[in-house]
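Observations on chain architecture
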Amino acid sequence: MHNVLPGIFVFVFGAVLGSFLNVVRYRFPRHMGVAAGRSKCPRCKATIAWYDNVPMLSYALLRGRCRSCRWRIPPTYVVVEAVTGLSFLLVWLAFGWPQAAAYWVLASLLIACAGIDFDKGIIPDKLTIPGIILGVVFSMTVLRGDTVTASLLHSALGILVGGGSLLAVGLSYKLVRKVEGMGGGDIKLMAMVGAFLGFKLALLTIFVGSVVGGIVGLVVMHRTSQGMRASVPFGVFLSPAAIACMIWGNDLIAAYLSLLR
Ligand SMILES: [Zn+2]
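Here is what the cut-offs are and how they apply
- Residues numbered from 1 in each chain as written.
- Predicted model: local features only at pLDDT ≥ 70, side-chain atom pairs only at ≥ 80, totals over all residues.
- Heavy atoms only, no water.
- Core = buried A, V, L, I, M, F, W, Y, C linked by side-chain atoms within 4.5 Å.
- Buried < 20%, exposed > 50% of the residue type's maximum accessible area, 1.4 Å probe, protein only.
- Helix = DSSP H or I, 4+ residues; strand = E, 2+ residues; numbered from the N terminus.
- Domains from an automatic or database assignment.
- Contact = heavy atoms within 4.5 Å.
- Axes fitted to C-alpha atoms, helices over the stretch in contact; angles between N-to-C directions.
- Parallel < 35°, antiparallel > 145°, perpendicular 65-115°, else oblique.
- Left-handed = near helix turned anticlockwise from the far one by under 90°.

As for the nonpolar core
Membership of the largest hydrophobic core comes to 47 residues, with the highest contact counts inside it found for Leu 110, Leu 166, Met 192, Leu 197 and Met 246. The greatest single-element share of this core, amounting to 13 residues, is contributed by helix H7 (residues 184-224). Residues lining this core come from more than one domain, with at least three contributed by each of domain 1 (1-96) and domain 2 (97-261). Contact partners of Met 192, with chain neighbours within four places excluded, come to Leu 106, Leu 109, Leu 110, Leu 127, Thr 128, Gly 131 and Ile 132.

A closer look at the environment of Leu 157
Mapped onto the elements, Leu 157 comes out in helix H6 (residues 148-177). What Leu 157 contacts, discounting residues up to four positions off in sequence, is Gly 162 and Phe 199.

Digging into the packing of helix H3 (residues 76-95) against helix H8 (residues 235-260)
Where H3 contacts H8, the two axes come as close as 10 Å, and the packing angle between them is 20°. Between H3 and H8, the angle falls in the class roughly parallel. When you trace H3 past H8, the crossing you get is left-handed. Residues Ser 87, Leu 90, Val 91, Ala 94 and Phe 95 of H3 pack against Ile 243, Met 246, Ile 247 and Trp 248 of H8.

Read these as layout, nothing more, since geometry by itself doesn't imply function.
Shown next, in the form of structure tokens:
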């Protein structure tokens, strides 16, 4: 019970940060400064009042529309706020301090990348490259479970396996079908995941992301009848898969291994 109040606080903090990640998601691919001024409605340019900018609550009260022009706010904006709040809470419950703070950084980067990939089909290097460096630094400090050298190796192997396996898939796809199958953004995203989580959880992330992405891809293809031309941004599936693996991955691998024994 003593966890309830801090838990609520952590969830609200995550949701507020999710609201900021929506700002990053909107402004980043448009080359706007993330800290440049108050949020405006993208259609009527009315400045959004603080009471219309409360995570999740404002969206519900305004029924998902802009107060001045009734523009329909994409529902994925409220999804980002809810997912960030929930991820922050689950990470905090699973790891506690100070590890939770390092994983919050990864979760935030992943959610911003997923949002931009969903909107624009790109994953910016400006998020993933610093993310890779932060992953190495955190692995050797707050997330360190072993000697510094062992932690550095763990992180480096994660980068190689995480990024490398997607690179290999991309290259073979290109060889067989003569089209680009895997974006460079996905490769760097997985290198970032590997830097934080190591190679085992990076591989599990790719597995989970591919299964879920494959199923959703089939449904989308069926619905849009575009056949194989319908493209589904992979980062949208890899990011939540990475967050799930960060929280439950080690338990899942342990349970699986004990089943084999
Ligand atoms: Zn408006």
